[in-house]
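# Close look at the chain arrangement
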Amino acid sequence: YTRDGGFYLNDDGNLVTSSGLKLQGYQAYGGSLTTRVADLQLDTSPQPGEMTEEVTLAMVLGEFGVDDDGAYNDSLTSASLDGATETIEDLAADSDHSVSMTIYDSLGRPQDVTVLMNQSGTDEWSYKIVVDGSAIDSSSYEEGYALEIGEGTLTFDEEGTLLTDTQTFAPTDWFSGADATQEIHFDFGLDADGDTGSGNTMKGGGTDETATTSVTQDGFGVGTLSSVEIDDDGQIIGTYSNGEEAILGGVALATFASDAGLSRMGGNLFSATINSGEPAMGAPGAGGRGSVSGYALEGSNVELEDQFVSMIQSQRSYQANARVISTANDTLQELVNLV
(Lines give C-alpha, C1' and ligand atoms only; values in the text may rest on other atoms or scores of the structure.)
Protein backbone atom coordinates (compact mmCIF):
# COMPACT_ATOMS: atom_id res chain seq x y z
CA TYR A 1 0.00 0.00 0.00
CA THR A 2 1.23 3.49 -0.73
CA ARG A 3 0.36 7.14 -0.29
CA ASP A 4 2.55 8.06 -3.26
CA GLY A 5 0.41 8.91 -6.30
CA GLY A 6 3.26 9.21 -8.78
CA PHE A 7 2.02 6.66 -11.31
CA TYR A 8 3.21 6.08 -14.85
CA LEU A 9 1.77 4.26 -17.85
CA ASN A 10 4.12 1.52 -19.04
CA ASP A 11 4.31 -0.07 -22.48
CA ASP A 12 1.80 -2.79 -21.51
CA GLY A 13 -0.85 -0.27 -20.49
CA ASN A 14 -0.35 -0.83 -16.74
CA LEU A 15 -0.21 2.04 -14.27
CA VAL A 16 2.96 1.52 -12.26
CA THR A 17 4.91 3.29 -9.51
CA SER A 18 8.40 4.67 -10.02
CA SER A 19 9.76 1.31 -8.86
CA GLY A 20 7.60 -0.61 -11.35
CA LEU A 21 4.93 -1.90 -8.97
CA LYS A 22 1.51 -2.20 -10.63
CA LEU A 23 -1.40 -0.11 -9.37
CA GLN A 24 -4.51 -2.09 -8.52
CA GLY A 25 -8.05 -0.84 -8.95
CA TYR A 26 -11.26 -1.37 -10.89
CA GLN A 27 -11.03 -2.38 -14.53
CA ALA A 28 -13.32 -0.67 -17.06
CA TYR A 29 -15.31 -2.47 -19.74
CA GLY A 30 -17.47 -0.50 -22.15
CA GLY A 31 -17.17 2.65 -20.06
CA SER A 32 -18.34 0.95 -16.83
CA LEU A 33 -16.20 -0.06 -13.85
CA THR A 34 -16.12 -3.58 -12.43
CA THR A 35 -16.35 -4.24 -8.69
CA ARG A 36 -13.31 -6.54 -8.48
CA VAL A 37 -9.91 -5.12 -7.53
CA ALA A 38 -7.11 -6.27 -9.83
CA ASP A 39 -4.02 -4.97 -11.61
CA LEU A 40 -5.10 -2.00 -13.71
CA GLN A 41 -4.38 -2.42 -17.40
CA LEU A 42 -5.74 0.47 -19.45
CA ASP A 43 -7.04 0.00 -22.95
CA THR A 44 -4.71 2.20 -25.01
CA SER A 45 -5.98 1.08 -28.41
CA PRO A 46 -7.39 3.71 -30.81
CA GLN A 47 -11.02 4.67 -30.27
CA PRO A 48 -13.19 3.78 -33.27
CA GLY A 49 -15.09 6.58 -34.96
CA GLU A 50 -18.84 7.07 -34.81
CA MET A 51 -20.86 8.13 -37.80
CA THR A 52 -22.93 11.29 -37.74
CA GLU A 53 -26.66 10.84 -37.34
CA GLU A 54 -27.79 14.35 -36.46
CA VAL A 55 -26.65 17.87 -37.29
CA THR A 56 -28.14 20.80 -35.37
CA LEU A 57 -28.16 24.25 -36.94
CA ALA A 58 -29.09 27.59 -35.42
CA MET A 59 -29.34 30.61 -37.73
CA VAL A 60 -30.75 34.09 -38.06
CA LEU A 61 -32.06 34.50 -41.61
CA GLY A 62 -32.60 37.84 -43.29
CA GLU A 63 -35.31 39.04 -45.64
CA PHE A 64 -34.02 39.15 -49.21
CA GLY A 65 -37.30 39.81 -51.00
CA VAL A 66 -37.82 39.61 -54.77
CA ASP A 67 -35.75 40.86 -57.70
CA ASP A 68 -36.81 43.37 -60.36
CA ASP A 69 -38.86 40.67 -62.06
CA GLY A 70 -40.81 39.99 -58.87
CA ALA A 71 -39.21 36.56 -58.32
CA TYR A 72 -37.25 35.10 -55.43
CA ASN A 73 -33.76 33.66 -55.89
CA ASP A 74 -34.16 30.41 -57.88
CA SER A 75 -30.47 29.47 -58.21
CA LEU A 76 -31.07 26.19 -56.38
CA THR A 77 -34.31 25.35 -58.18
CA SER A 78 -32.69 25.63 -61.57
CA ALA A 79 -29.45 23.82 -60.55
CA SER A 80 -28.95 20.20 -61.54
CA LEU A 81 -26.77 19.31 -58.54
CA ASP A 82 -25.60 16.16 -60.31
CA GLY A 83 -21.99 16.22 -59.17
CA ALA A 84 -20.65 17.38 -62.52
CA THR A 85 -22.42 20.62 -63.52
CA GLU A 86 -22.14 23.26 -60.75
CA THR A 87 -19.37 23.75 -58.21
CA ILE A 88 -20.20 24.08 -54.54
CA GLU A 89 -18.26 27.35 -54.44
CA ASP A 90 -20.32 28.95 -57.23
CA LEU A 91 -23.62 27.73 -55.75
CA ALA A 92 -22.69 29.11 -52.32
CA ALA A 93 -21.88 32.48 -53.88
CA ASP A 94 -25.24 32.56 -55.68
CA SER A 95 -27.29 31.42 -52.65
CA ASP A 96 -28.82 33.74 -50.08
CA HIS A 97 -27.07 31.78 -47.29
CA SER A 98 -24.85 28.70 -46.98
CA VAL A 99 -23.48 26.65 -44.10
CA SER A 100 -20.57 24.20 -44.35
CA MET A 101 -19.77 21.54 -41.77
CA THR A 102 -17.82 18.33 -41.27
CA ILE A 103 -19.65 15.07 -40.67
CA TYR A 104 -18.29 11.55 -40.22
CA ASP A 105 -19.17 8.46 -42.24
CA SER A 106 -19.44 4.94 -40.81
CA LEU A 107 -15.68 4.44 -41.18
CA GLY A 108 -14.95 7.48 -39.02
CA ARG A 109 -13.70 9.53 -41.96
CA PRO A 110 -14.44 13.28 -42.03
CA GLN A 111 -16.58 14.45 -44.94
CA ASP A 112 -17.65 17.97 -45.93
CA VAL A 113 -21.36 18.78 -46.26
CA THR A 114 -22.84 22.12 -47.34
CA VAL A 115 -26.39 23.41 -46.79
CA LEU A 116 -27.37 25.93 -49.52
CA MET A 117 -30.34 28.18 -48.69
CA ASN A 118 -32.55 30.64 -50.58
CA GLN A 119 -35.56 32.64 -49.51
CA SER A 120 -38.39 31.15 -51.56
CA GLY A 121 -41.40 33.04 -50.19
CA THR A 122 -42.47 35.82 -47.87
CA ASP A 123 -41.99 33.63 -44.80
CA GLU A 124 -40.32 30.61 -46.39
CA TRP A 125 -36.80 29.38 -47.09
CA SER A 126 -35.78 26.34 -49.14
CA TYR A 127 -32.51 24.49 -48.81
CA LYS A 128 -30.42 21.86 -50.59
CA ILE A 129 -27.89 19.60 -48.88
CA VAL A 130 -24.89 18.85 -51.11
CA VAL A 131 -21.52 17.10 -50.93
CA ASP A 132 -18.49 17.03 -53.18
CA GLY A 133 -19.30 14.31 -55.69
CA SER A 134 -15.67 13.16 -55.92
CA ALA A 135 -15.76 12.18 -52.22
CA ILE A 136 -18.41 9.61 -53.13
CA ASP A 137 -16.97 8.34 -56.39
CA SER A 138 -14.05 10.14 -58.00
CA SER A 139 -14.49 8.19 -61.21
CA SER A 140 -18.11 9.29 -61.71
CA TYR A 141 -18.18 12.83 -60.31
CA GLU A 142 -16.00 15.91 -60.65
CA GLU A 143 -13.96 17.22 -57.74
CA GLY A 144 -15.55 20.28 -56.12
CA TYR A 145 -18.89 19.83 -57.89
CA ALA A 146 -22.15 19.68 -55.95
CA LEU A 147 -24.09 16.44 -55.60
CA GLU A 148 -27.47 16.70 -53.84
CA ILE A 149 -28.18 14.32 -50.97
CA GLY A 150 -31.18 16.07 -49.40
CA GLU A 151 -33.55 19.04 -49.48
CA GLY A 152 -36.23 20.77 -47.45
CA THR A 153 -38.13 23.95 -46.58
CA LEU A 154 -38.46 26.16 -43.50
CA THR A 155 -41.50 28.32 -42.82
CA PHE A 156 -41.80 31.12 -40.27
CA ASP A 157 -44.69 33.02 -38.69
CA GLU A 158 -45.19 36.79 -38.80
CA GLU A 159 -42.85 37.19 -35.82
CA GLY A 160 -40.03 35.28 -37.49
CA THR A 161 -40.41 32.13 -35.37
CA LEU A 162 -39.83 28.79 -37.08
CA LEU A 163 -43.15 27.00 -37.72
CA THR A 164 -42.39 23.97 -39.90
CA ASP A 165 -39.42 22.07 -41.22
CA THR A 166 -39.91 19.61 -44.03
CA GLN A 167 -36.90 17.51 -44.95
CA THR A 168 -35.99 14.75 -47.37
CA PHE A 169 -32.65 12.97 -47.02
CA ALA A 170 -32.27 10.15 -49.50
CA PRO A 171 -28.85 10.00 -51.19
CA THR A 172 -28.62 7.56 -54.08
CA ASP A 173 -24.95 7.01 -53.25
CA TRP A 174 -22.79 7.43 -50.20
CA PHE A 175 -19.12 7.79 -49.39
CA SER A 176 -16.88 5.13 -50.90
CA GLY A 177 -16.67 2.03 -48.72
CA ALA A 178 -18.93 3.43 -45.99
CA ASP A 179 -22.35 2.25 -44.85
CA ALA A 180 -24.74 3.14 -47.67
CA THR A 181 -27.70 3.28 -45.24
CA GLN A 182 -26.27 6.16 -43.20
CA GLU A 183 -28.93 8.85 -42.91
CA ILE A 184 -28.40 12.24 -41.32
CA HIS A 185 -31.17 14.31 -39.78
CA PHE A 186 -30.67 18.06 -39.98
CA ASP A 187 -32.25 19.55 -36.88
CA PHE A 188 -33.37 23.17 -37.22
CA GLY A 189 -34.92 23.21 -33.75
CA LEU A 190 -38.45 21.77 -34.03
CA ASP A 191 -39.24 18.95 -31.61
CA ALA A 192 -41.87 16.25 -32.02
CA ASP A 193 -44.58 18.65 -30.85
CA GLY A 194 -43.56 21.33 -33.33
CA ASP A 195 -42.03 23.55 -30.66
CA THR A 196 -38.84 25.41 -31.48
CA GLY A 197 -36.00 26.26 -29.16
CA SER A 198 -32.87 26.33 -31.30
CA GLY A 199 -32.86 30.04 -32.06
CA ASN A 200 -33.62 29.69 -35.76
CA THR A 201 -35.42 32.89 -36.66
CA MET A 202 -36.20 35.06 -39.66
CA LYS A 203 -35.94 38.81 -39.20
CA GLY A 204 -37.88 41.33 -41.25
CA GLY A 205 -37.35 44.98 -41.96
CA GLY A 206 -35.89 44.37 -45.40
CA THR A 207 -32.44 43.44 -44.11
CA ASP A 208 -30.65 40.69 -46.00
CA GLU A 209 -28.08 39.99 -43.28
CA THR A 210 -27.85 36.35 -42.24
CA ALA A 211 -25.78 34.59 -39.58
CA THR A 212 -25.13 31.05 -38.43
CA THR A 213 -24.95 31.07 -34.63
CA SER A 214 -24.07 27.41 -34.01
CA VAL A 215 -23.40 24.11 -35.78
CA THR A 216 -23.11 20.82 -33.87
CA GLN A 217 -23.05 17.18 -34.93
CA ASP A 218 -22.87 13.93 -32.99
CA GLY A 219 -20.20 12.03 -34.90
CA PHE A 220 -16.45 11.82 -34.48
CA GLY A 221 -13.45 10.28 -36.18
CA VAL A 222 -10.95 7.66 -35.05
CA GLY A 223 -8.94 8.89 -32.07
CA THR A 224 -5.70 7.84 -30.40
CA LEU A 225 -5.15 8.10 -26.66
CA SER A 226 -3.40 11.42 -26.01
CA SER A 227 -3.57 11.84 -22.20
CA VAL A 228 -4.77 10.17 -19.00
CA GLU A 229 -5.97 11.89 -15.83
CA ILE A 230 -7.65 10.83 -12.58
CA ASP A 231 -10.66 12.76 -11.30
CA ASP A 232 -11.79 13.36 -7.70
CA ASP A 233 -13.79 10.11 -7.70
CA GLY A 234 -10.75 8.11 -8.72
CA GLN A 235 -11.98 7.46 -12.24
CA ILE A 236 -9.18 7.21 -14.77
CA ILE A 237 -10.26 9.30 -17.76
CA GLY A 238 -8.62 8.90 -21.16
CA THR A 239 -8.68 11.82 -23.60
CA TYR A 240 -8.37 11.03 -27.31
CA SER A 241 -7.08 13.02 -30.25
CA ASN A 242 -10.64 13.34 -31.59
CA GLY A 243 -11.71 15.23 -28.45
CA GLU A 244 -13.67 12.33 -26.95
CA GLU A 245 -13.21 10.99 -23.43
CA ALA A 246 -13.69 7.52 -21.97
CA ILE A 247 -13.44 5.86 -18.54
CA LEU A 248 -10.44 3.50 -18.62
CA GLY A 249 -10.43 2.36 -14.99
CA GLY A 250 -10.81 3.39 -11.37
CA VAL A 251 -8.38 3.81 -8.46
CA ALA A 252 -9.15 1.81 -5.29
CA LEU A 253 -8.40 3.17 -1.81
CA ALA A 254 -7.74 1.02 1.26
CA THR A 255 -8.74 1.93 4.79
CA PHE A 256 -7.51 0.25 7.99
CA ALA A 257 -8.79 0.02 11.52
CA SER A 258 -5.50 1.60 12.64
CA ASP A 259 -3.32 3.44 10.14
CA ALA A 260 -0.64 3.73 12.81
CA GLY A 261 -0.42 -0.04 12.89
CA LEU A 262 0.89 -0.27 9.32
CA SER A 263 4.46 -1.40 8.90
CA ARG A 264 6.81 0.88 6.97
CA MET A 265 8.64 -0.91 4.16
CA GLY A 266 10.53 2.05 2.68
CA GLY A 267 10.03 3.62 -0.72
CA ASN A 268 6.68 5.11 0.39
CA LEU A 269 5.31 1.60 0.88
CA PHE A 270 3.40 0.13 3.83
CA SER A 271 2.24 -3.40 4.67
CA ALA A 272 -0.73 -4.52 6.72
CA THR A 273 -0.11 -6.02 10.17
CA ILE A 274 -2.17 -7.51 12.97
CA ASN A 275 -2.21 -4.07 14.60
CA SER A 276 -3.50 -2.31 11.47
CA GLY A 277 -6.16 -4.88 10.65
CA GLU A 278 -7.20 -6.07 7.21
CA PRO A 279 -7.69 -3.51 4.41
CA ALA A 280 -11.18 -2.44 3.40
CA MET A 281 -11.06 -1.63 -0.32
CA GLY A 282 -13.42 0.85 -1.96
CA ALA A 283 -13.82 3.77 -4.33
CA PRO A 284 -12.63 7.27 -3.33
CA GLY A 285 -15.28 9.20 -1.43
CA ALA A 286 -17.17 6.05 -0.42
CA GLY A 287 -17.39 4.89 3.18
CA GLY A 288 -15.49 7.83 4.58
CA ARG A 289 -12.59 7.49 2.16
CA GLY A 290 -10.91 10.63 0.90
CA SER A 291 -10.95 11.98 -2.63
CA VAL A 292 -8.19 11.87 -5.22
CA SER A 293 -6.38 15.02 -6.38
CA GLY A 294 -5.18 14.76 -9.96
CA TYR A 295 -1.82 16.20 -11.00
CA ALA A 296 -0.88 16.63 -7.33
CA LEU A 297 1.56 14.84 -5.05
CA GLU A 298 1.52 14.94 -1.26
CA GLY A 299 4.26 17.26 -0.06
CA SER A 300 6.52 16.87 2.94
CA ASN A 301 5.23 18.08 6.32
CA VAL A 302 8.45 20.10 6.59
CA GLU A 303 8.96 23.38 4.72
CA LEU A 304 12.59 23.36 3.59
CA GLU A 305 12.74 27.15 3.28
CA ASP A 306 11.58 27.67 6.86
CA GLN A 307 13.99 25.02 8.15
CA PHE A 308 16.95 26.60 6.34
CA VAL A 309 16.08 29.98 7.87
CA SER A 310 15.82 28.41 11.34
CA MET A 311 19.12 26.59 10.85
CA ILE A 312 20.91 29.79 9.84
CA GLN A 313 19.40 31.64 12.81
CA SER A 314 20.55 28.86 15.16
CA GLN A 315 24.05 28.96 13.67
CA ARG A 316 24.28 32.73 14.08
CA SER A 317 23.00 32.49 17.68
CA TYR A 318 25.54 29.78 18.47
CA GLN A 319 28.34 31.83 16.94
CA ALA A 320 27.31 34.94 18.92
CA ASN A 321 27.09 33.00 22.19
CA ALA A 322 30.44 31.33 21.50
CA ARG A 323 32.05 34.72 21.01
CA VAL A 324 30.58 35.99 24.28
CA ILE A 325 32.02 32.98 26.12
CA SER A 326 35.34 33.39 24.34
CA THR A 327 35.48 37.09 25.24
CA ALA A 328 34.64 36.36 28.88
CA ASN A 329 37.31 33.68 29.00
CA ASP A 330 39.91 36.04 27.55
CA THR A 331 38.97 38.70 30.11
CA LEU A 332 39.29 36.31 33.04
CA GLN A 333 42.61 35.02 31.74
CA GLU A 334 43.92 38.57 31.50
CA LEU A 335 42.77 39.25 35.05
CA VAL A 336 44.57 36.17 36.35
CA ASN A 337 47.75 37.22 34.62
CA LEU A 338 47.56 40.67 36.20
CA VAL A 339 47.18 39.24 39.69
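See the structure printed just above.
Our subject in this report is the structure included herewith. Computed from a prediction, not measured in an experiment: that's the story for all the values here.

## Concerning the overall build of the protein chain
What the protein chain contains, in helices and strands, is 3 helices and 21 strands. What you see for the protein chain is a C-alpha radius of gyration of 35 Å, clearly larger than the 20 Å of a compact globule of 339 residues, by over 25%. In terms of overall dimensions, the protein chain has C-alpha extents of about 135 × 55 × 45 Å along its principal axes. Sorting the 339 residues of the protein chain into buried and exposed places 32% on the buried side. Contacts in the protein chain between residues at least 24 apart in sequence constitute 57% of all its contacts with a sequence separation of at least 6. Here the protein chain has roughly 19800 Å² of accessible surface; of this, 47% comes from carbon and sulfur atoms. Separation between the mean location of the 10 positive side-chain charges and that of the 57 negative ones in the protein chain comes to 27 Å.

## A closer look at the sheet that holds strand β17 (residues 245-251)
If you walk across this open sheet you meet the 5 strands as β4-β3-β17-β16-β15, and the pairing is antiparallel. The sheet terminates laterally at β4 (32-39) and β15 (225-230), the two strands that pair on one side only. Across the sheet, the mean angle from the axis of one strand to that of its neighbour is 30°, orientation sign disregarded. Of the strand pairs in this sheet, strand β3 (residues 24-29) and β17 are connected by 3 bridges, and their pairing is antiparallel. Note on β17: the bridge partner recorded for Gly25 is Val251.

## What to know about the packing of aromatic side chains
Any pair of aromatic rings gets described here by the distance separating the centres and the angle formed by the planes. This structure, assessed with the given rule, holds 4 aromatic pairs. Taking 5.7 Å as the distance between ring centres and 75° as the angle between the ring planes, the aromatic pair formed by Phe64 and Trp125 counts as edge-to-face. One end of the pair, Phe64, is in the loop between β5 (54-61) and β6 (82-87); the other, Trp125, is in strand β9 (residues 124-132), with 61 residues separating them in the sequence. Geometrically, the ring pair formed by Tyr127 and Phe188 is tilted, given 4.9 Å between the ring centres and 45° between the ring planes. Placement of the pair is Tyr127 in strand β9 and Phe188 in the loop between β12 (185-187) and β13 (201-202), with a sequence separation of 61 residues.

## Overview of the side chain of Gln119
Along the chain, Gln119 turns up in strand β8 (residues 110-121). For Gln119, a relative accessible area of 1% puts it in the buried group. Within the structure, the side chain of Gln119 is placed 3.2 Å from the backbone nitrogen of Gly65, a separation counted as a polar contact. A polar contact of 3.4 Å, which involves the side chain of Gln119, links it to the backbone oxygen of Thr122.

## Description of a nonpolar patch on the surface
There is a patch of nonpolar side chains on the surface, built from Val302, Leu304, Phe308, Met311 and Ile312 and spanning about 470 Å² of accessible area. Within the secondary structure layout, Leu304 lies in helix α3 (residues 304-338).

## Re the environment of Leu297
Tracing the backbone through its elements, the reader meets Leu297 in the loop between β21 (280-282) and α3. Leu297 sits in the exposed class, given a relative accessible area of 59%. Put simply, Leu297 and Gly6 are 291 residues apart on the chain and 7.0 Å apart in space, counted from C-alpha to C-alpha. For Leu297, the residues in contact, after removing those within four places along its chain, are Asp4, Gly5 and Gly6.

## Re the side chain of Ser95
Assignment of secondary structure puts Ser95 in the loop between α1 (88-94) and β7 (97-104). Among the polar contacts listed, one links the side chain of Ser95 to the backbone oxygen of Leu91, at a separation of 2.7 Å. Filtering out sequence-adjacent residues up to four positions away, Ser95 remains in contact with Asn73, Ser75, Leu76, Leu116, Met117 and Asn118.

## Comments concerning the nonpolar core
Counting residues in hydrophobic clusters, the biggest one holds 29 residues, and the most contacted among them are Met101 and Phe186. With residues near it in sequence (within four places) discarded, Met101 still touches Val55, Leu57, Gln111, Asp112, Val113, Val115, Phe186 and Val215.

## Here's the deal with the pattern of salt bridges
For side chains bearing opposite charge, pairing can occur when the charged atoms are close. The full count for this structure, using the stated rule, is 3 salt bridges. Residues Arg109 and Asp105 are paired through a salt bridge, measuring 2.8 Å at the closest nitrogen-oxygen approach. The exposure class of Asp105 is buried, given its relative accessible area of 0%. Here Lys128 ties to Glu151 by a salt bridge, and the two come within 2.6 Å at their closest N and O atoms.

Thresholds, definitions, all that
- Every chain is numbered independently, its residues counted from 1 as its sequence is written.
- Given that this is a predicted model, residues contribute local features only at a pLDDT of at least 70 and side-chain atom pairs are listed and counted only at 80 or more, while totals for whole chains, interfaces and linings are drawn from all residues.
- Hydrogens and water molecules were not included; the side-chain quantities draw on all heavy atoms of the structure.
- By definition, any uninterrupted DSSP run of H or I lasting at least four residues is a helix, any uninterrupted run of E lasting at least two residues is a strand, and each is numbered from the N terminus.
- Taken over C-alpha atoms, the radius of gyration is set against a globule rule of 2.2 Å times the number of residues to the power 0.38.
- Each residue is placed in one exposure class: buried if its accessible area under a 1.4 Å probe, protein chains only, is under 20% of its type's maximum, exposed if it is over 50%, and partly exposed if it falls in between.
- By definition in these notes, contact holds between two residues if any of their heavy atoms fall within 4.5 Å.
- Exposure was quantified through the Shrake-Rupley algorithm and a 1.4 Å probe, taking into account, for residues, occlusion by the shown protein chains and nothing else.
- For the purpose of charge, His is not counted, nor are the chain termini; Lys and Arg are scored as positive and Asp and Glu as negative.
- Here the site of a charge means atom NZ of a Lys, CZ of an Arg, CG of an Asp or CD of a Glu.
- Here a strand pair is declared whenever DSSP counts at least two bridges between the two strands.
- Only the stretch in contact is used when a helix axis is fitted, and all axes are lines through C-alpha atoms; the angle between N-to-C directions ranges over 0 to 180 degrees.
- Any two rings among Phe, Tyr and Trp, with Trp reduced to its six-membered ring, count as a pair given centres within 6.5 Å; such a pair is stacked if its planes are under 30 degrees apart, edge-to-face if over 60, and tilted if neither.
- Nitrogen and oxygen atoms within 3.5 Å of one another constitute a polar contact, given that in protein one can donate a hydrogen and the other can accept it, and given that sequence-neighbouring residues count only through two side-chain atoms.
- In this analysis, a patch consists of residues with relative accessible area above 30% that form no salt bridge, clustered at 9 Å for like charges and at 5 Å for the nonpolar side chains Val, Leu, Ile, Met, Phe, Trp and Tyr.
- Salt bridge, as used here, is a side-chain nitrogen of Lys or Arg placed within 4 Å of a carboxyl oxygen of Asp or Glu.
- Among the buried residues, those of types Ala, Val, Leu, Ile, Met, Phe, Trp, Tyr and Cys that are joined through side-chain atoms within 4.5 Å form a nonpolar core.

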